[in-house]
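What follows is each chain in one-letter form.
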Amino acid sequence: MSMPEHLVFLSPEDISEPEDSNVRPWSAKQTETEKELDELEALGRSIASEGQLQPVRVAKSPDGAWLLIAGRRRKRAVQMYNLQLPNGDAPIRLACVVEEGKDGEVSAAKMFRQASHENTLRRQISPMDFAMNIATVRENFKWKGGKGTEKAAKFFEVSPATISQYEKLLELEPSTQSKVHTGELSRDDAFRLVKIGEKKGKEVAAEVEKLAEAAAEQTVVTAVPGKKVEKKAKAAKSKVIKEAAREVSDKPSPRSKSEIMEFFTSCYGPMYGHPN
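Novice: Is there a simple way to think about the side chain of E209 in this case?
Specialist: Mapping E209 onto the fold places it in helix α10 (residues 202-222). We classify E209 as buried; its relative accessible area is 11%. One polar contact links E209 to T176, side chain to side chain, over a distance of 2.8 Å. What E209 contacts, discounting residues up to four positions off in sequence, is T176, K179 and L193.

Shown next as structure tokens:
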């Protein structure tokens with residue numbers, strides 16, 4: 001049974017980040033992109049001007065050190081903001097909810113579960129981070145096979161099918177995984193590439209990915225500047241991957257709204273008794 005929580009205010013430098021509760025293992029290995037740095041700077045300014053709407057979660061180790069459970073982005077944002085403050089200005093301190101377990105200690109497993117669950121609910125964890133978290137939990141708890149999948153699903157509070165899907169992202173090429181992490185390639189299109197690789201081989205999946213990239217590039221070249229070019233390029237890329245996945249699928253996949261409309265529009269012609 002958990003002990004009552006209480007709130008403390010800590011300097012970011014007073015909070016350490018244990019690896020066994022890091023639910024962003026993929027992100028930790030990557031250099032922050034310019035976009036990510038801009039987002040962190042904006043978050044820091046927001047916390048400074050509007051206040052910290054959501055406290056981070058911490059626990060205290062047996063030797064008295066503060067350990068971060070969830071809130072790495074908030075901690076990083078405040079650190080970045082404090083670094084650029086003029087001399088003499090008071091730095092921001094982080095509002096922290098203290099998690100306490102039995103005998104005042106919180107297990108590493110509980111810290112990891114809480115951090116993962118919070119980030120998944122807030123949709124702030126990349127598909128690749130989640131895939132690596134699943135692998136970490138399986139390894140740490142020796143959860144193998146179908147029963148292990150069920151235990152991992154219960155741990156992360158998702159379905160066994162979700163566990164199986166995300167695990168397969170680790171079979172993709174590193175370059176493709178990077179695109180999934182940054183959002184250049186959507187999670188669902190990544191799942192489709194995995195399926196294509198399973199059915200036709202990784203070489204075919206790699207060729208489909210190249211064709212999809214070419215379609216996206218062609219869209220950028222021919223699009224009118226400023227007319228949602230990035231969105232249209234992603235749609236062109238996704239269309240190629242969807243069509244390839246449909247070709248190798250054992251069952252027909254549902255059509256999109258635009259495809260259904262295109263079909264009904266085509267029915268209004270001479271072939272179906274309608275004038276041009």
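Novice: Before we go on, may I ask you to explain the packing of helix α5 (residues 127-141) against helix α8 (residues 174-182) in this structure?
Specialist: Angle between the axes and distance between the axes: these two values describe a pair of packed helices. Close contact between α5 and α8 brings their axes to 7 Å; oriented N to C, the two are set at 115 degrees. Taken together, the axis directions place α5 and α8 in an arrangement best described as roughly perpendicular. On α8, the residues touching P127, M128 and D129 of α5 are Q177, V180 and H181. Across the contact of α5 with α8, the residue classes break down as 3 nonpolar, 2 polar and 1 charged.

Novice: Quick question: what am I supposed to make of a negative patch on the surface here?
Specialist: Together, E34, D38, E39 and E41 give the surface a local cluster of negative charge. On the basis of relative accessible area, E41 is assigned to the partly exposed category, the value being 38%.

Novice: Would you mind going over unusual backbone geometry with me for this structure?
Specialist: In most cases, non-glycine residues show a negative phi, while peptide bonds are predominantly trans. Backbone geometry at K142 places phi at a positive 60 degrees, although glycine is not the residue there. For E157, which is not glycine, the phi torsion reads 60 degrees and is therefore positive. Turning to its location among the elements, E157 is positioned in the loop between α6 (145-156) and α7 (160-167).

Novice: Hey, could you run me through the pattern of salt bridges in this one?
Specialist: As a working rule, side chains carrying opposite charge can pair if their charged atoms are close by. Overall, the coordinates contain 11 salt bridges when judged by the stated rule. One salt bridge in this structure joins E139 and K142, with 3.6 Å as the shortest N-O distance. In this structure K142 comes out as exposed when scored by relative accessible area, which is 57%. A salt bridge links D189 to R192; the shortest N-O distance between them is 2.6 Å.

Novice: Sorry if this is basic, but what is going on with the packing of aromatic side chains here?
Specialist: Any two aromatic rings considered together are summarised by their centre-to-centre distance and by the angle between their planes. Per the counting criterion, the structure on display carries 7 aromatic pairs. With a centroid separation of 4.7 Å and an interplanar angle of 20 degrees, the aromatic rings of F141 and W143 are classed as stacked. Ring centres of Y166 and F191 lie 5.4 Å apart, and the angle between their planes is 85 degrees; on these two criteria the pair is classed as edge-to-face. In this pair, Y166 sits in helix α7 while F191 sits in helix α9 (residues 187-200), placing the two residues 25 residues apart along the sequence. The class of Y166 is buried, set by a relative accessible area of 11%.

Novice: Looking at this structure, I do not really get the sheet that holds strand β3 (residues 56-60). What am I missing?
Specialist: Sheet strands line up and pair through hydrogen bonds in the backbone, either parallel or antiparallel. Pairing is mixed in the open sheet, where 5 strands are placed in the order β1-β5-β3-β4-β2. Each end of this open sheet is capped by a strand with a single partner; those strands are β1 (6-10) and β2 (15-16). Note: β2 against strand β4 (residues 66-70), 2 bridges, orientation parallel. For I15, the partnering residue across the bridge sits in β4 and is W66. Its contacts with the sheet put helix α3 (residues 72-83) on β2, β3, β4 and β5 (94-98), and the angle it makes with β4 is roughly 120 degrees.

Novice: What exactly am I supposed to notice about the nonpolar core here?
Specialist: As a rule of thumb, soluble globular proteins bury nonpolar side chains together. With 29 residues, the main nonpolar core has F156, L169, L172, L193 and I196 as its most contacted residues. Membership of the second largest hydrophobic core comes to 13 residues, among which are I47, V58, L94 and C96.

Novice: Quick question: what am I supposed to make of α6 here?
Specialist: In an α-helix, one full turn covers 3.6 residues, which means residues spaced three or four apart are oriented alike. Compared with an ideal rise of 1.5 Å per residue, which puts 12 residues at 16 Å, α6 spans 17 Å between its outermost C-alpha atoms and is within 8% of the ideal. What α6 keeps buried is the set G148, T149, A152, A153, F155 and F156. Seen end-on, α6 carries its buried residues on one side only, within an arc spanning 160 degrees. Turned more than 90 degrees from where α6 packs its buried face, K147, E150 and K154 sit exposed. Of the residues one or two after α6, E157 is the one with positive phi, at around 60 degrees.

Reading the values: the criteria
- Residues numbered from 1 in each chain as written.
- Predicted model: local features only at pLDDT ≥ 70, side-chain atom pairs only at ≥ 80, totals over all residues.
- Heavy atoms only, no water.
- Helix = DSSP H or I, 4+ residues; strand = E, 2+ residues; numbered from the N terminus.
- Buried < 20%, exposed > 50% of the residue type's maximum accessible area, 1.4 Å probe, protein only.
- Polar contact = N/O pair within 3.5 Å; in protein donor to acceptor, adjacent residues only side chain to side chain.
- Contact = heavy atoms within 4.5 Å.
- Axes fitted to C-alpha atoms, helices over the stretch in contact; angles between N-to-C directions.
- Parallel < 35°, antiparallel > 145°, perpendicular 65-115°, else oblique.
- Nonpolar A, V, L, I, M, F, W, Y, C, P; charged D, E, K, R; others polar.
- Patch = residues over 30% accessible without salt bridge, like charges linked within 9 Å, V, L, I, M, F, W, Y side chains within 5 Å.
- Areas by Shrake-Rupley, 256 points an atom, 1.4 Å probe, with all protein chains shown as cover.
- Salt bridge = Lys/Arg side-chain N within 4 Å of Asp/Glu carboxyl O.
- Lys, Arg positive; Asp, Glu negative; His and termini not counted.
- Charge placed at Lys NZ, Arg CZ, Asp CG, Glu CD.
- Phe/Tyr/Trp six-rings, centres within 6.5 Å; stacked < 30°, edge-to-face > 60°.
- Pairing = 2+ DSSP bridges.
- Core = buried A, V, L, I, M, F, W, Y, C linked by side-chain atoms within 4.5 Å.
- Expected span 1.5 Å × (residues − 1).
- Arc of directions from axis to C-beta.

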